[in-house]
Amino acid sequence: MFMKNVILKTDSLTKKYKDFTALDEVSITIRKGDIYGLIGRNGAGKTTLMKLITTLTNPTSGKFELFESADQNLNENKRRIGCLIENPAFFANLTAYENLKYYAIQKGIVNLEQIKEALELVELKDAQNKKFKNFSLGMKQRLGIAFAILDNPDFIILDEPINGLDPIGISDLRETFKKLNEERNITILISSHILSELYAVATRFCILEKGRVVKELTKEELDAECSKCIVIQTDNVKKASTVLEKDLHTTNYKVIDQKEIRLYEYLDHTDKVSKALTKNGINILGLYETGITLEEYFKTVIKEVK
């Protein structure tokens, strides 16, 4: 039984090409309203997963459901998805409007006002009569997104849309994603191989490595994993937690496992933490400050994959 408001749920989705496994039993869930960041190195399986979801290729095994329906052949469901996996072949000598009109006719879109709406949403309304050959890379990417939302989809899938853009282009696209998500309530699946690019826009993340899901977490969980904190290593986590609450009056900590606690307060007062624990007979195996960058976290997580 699938949860309500589930846009996509995959179950052990696998894709093999002879002896090579491009995707290995991937199970993820994307809910309505998510901006779901799919991150992994080149060749990690991001594009393969997107192609399976959009039925550009078939899985070797496993299954997936879209909009709580297992029948991917329903035209209604397919029309609810917009995608930009392989850039559409825009014509150099046609304007932005003319290019989208060409694809609108192919898609069977009767209301051509949707072209103007799409261009306005990606902030290309003022450039609608400009020829594609005169577009910057950032404008080309935004036109690709306009193509993806032409049919007013509920869910859009974007493969590495930030690649090659300068910082201003990246910033503009981020604002476009947020606008689509917040104003049009469009759920977004977006891939990149650079975590920091996705961090500013995504609400949930999935890290892929060698075709497998290494980690699926929310932005809040990612922040907690990377935040500066005091690591307390002890053989009595339960008692140490009680000391933190009663003596140091804090609940801003997280029990990692049976021997580790991460404390997100008292960062400039590790001596107070040490004294409180020692006073209460806690055996301290280790006590130190830590905090890692997003890139360091990514490297640490994928290093565990063999």
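Structure first, text after, so check above.
Residues numbered from 1 in each chain as written. Predicted model: local features only at pLDDT ≥ 70, side-chain atom pairs only at ≥ 80, totals over all residues. Heavy atoms only, no water.

Caption draft 1: Layout of the packing of aromatic side chains. Within the structure shown, the criterion is met by 7 aromatic pairs. With 6.0 Å between their ring centres and 45° between their planes, Phe132 and Phe135 make a pair best called tilted. Relative accessible area serves as the criterion here: at 14%, Phe132 is assigned to the buried category. Overall, Phe135 belongs to the buried group, its relative accessible area being 6%. (Phe/Tyr/Trp six-rings, centres within 6.5 Å; stacked < 30°, edge-to-face > 60°. Buried < 20%, exposed > 50% of the residue type's maximum accessible area, 1.4 Å probe, protein only.)

Caption draft 2: Local environment of unusual backbone geometry. Positive phi outside glycine occurs at Glu25, with the angle close to 50°. Structurally, Glu25 is set in strand 2 (residues 20-26). Look at Glu25 and you get exposed, because its relative accessible area is 53%. (Helix = DSSP H or I, 4+ residues; strand = E, 2+ residues; numbered from the N terminus.)

Caption draft 3: View of the sheet that holds strand 4 (residues 35-39). Pairing is mixed in the open sheet, where 6 strands are placed in the order 6-7-8-4-9-10. What marks the edges here is a single partner per strand, and that holds for strand 6 (81-84) and strand 10 (212-218). Adjacent strand axes in the sheet meet at a mean angle of 15°, parallel and antiparallel pairs treated alike. The pairing of strand 4 with strand 9 (residues 204-209) spans 4 bridges and is parallel. For Ile39, the partnering residue across the bridge sits in strand 9 and is Ile207. Its contacts with the sheet place helix 1 (residues 46-53) against strand 4, strand 7 (155-159), strand 8 (187-192) and strand 9, and it is angled at close to 150° to strand 8. Each of strand 6 and strand 7 touches helix 5 (residues 137-148); the most contacted strand, strand 6, lies at about 155° to it. (Pairing = 2+ DSSP bridges. Axes fitted to C-alpha atoms, helices over the stretch in contact; angles between N-to-C directions. Contact = heavy atoms within 4.5 Å.)

Caption draft 4: Expanded view of a negative patch on the surface. Judged by side-chain charge, Glu123, Asp166, Asp172, Glu175, Glu182 and Glu183 come together as a negatively charged surface patch. For Glu175, the position within the fold is in helix 6 (residues 167-183). (Patch = residues over 30% accessible without salt bridge, like charges linked within 9 Å, V, L, I, M, F, W, Y side chains within 5 Å. Areas by Shrake-Rupley, 256 points an atom, 1.4 Å probe, with all protein chains shown as cover. Salt bridge = Lys/Arg side-chain N within 4 Å of Asp/Glu carboxyl O. Lys, Arg positive; Asp, Glu negative; His and termini not counted. Charge placed at Lys NZ, Arg CZ, Asp CG, Glu CD.)

Caption draft 5: Summary view of the environment of Ile162. Topologically, Ile162 is positioned in the loop between strand 7 and helix 6. You can call Ile162 buried: its relative accessible area is 2%. For the pair Ile162 and Ile190, spaced 28 residues apart in the sequence, the C-alpha separation amounts to 9.5 Å. Filtering out sequence-adjacent residues up to four positions away, Ile162 remains in contact with Gln141, Ile170, Leu173, Phe177, Ile190 and Glu197.

Caption draft 6: Broad picture of the packing of helix 5 against helix 6. Contact pair helix 5 / helix 6: the axes reach a minimum separation of 10 Å and the direction vectors enclose 15°. In terms of orientation, helix 5 and helix 6 fall into the roughly parallel class. The element helix 5 and its partner helix 6 pack so that their crossing is right-handed. Residue-level inspection shows Gln141, Arg142 and Ile145 of helix 5 in contact with helix 6, the latter providing Asp172, Leu173, Thr176, Phe177 and Leu180. Here the residues of the contact of helix 5 with helix 6 sort into 4 nonpolar, 2 polar and 2 charged. (Parallel < 35°, antiparallel > 145°, perpendicular 65-115°, else oblique. Left-handed = near helix turned anticlockwise from the far one by under 90°. Nonpolar A, V, L, I, M, F, W, Y, C, P; charged D, E, K, R; others polar.)

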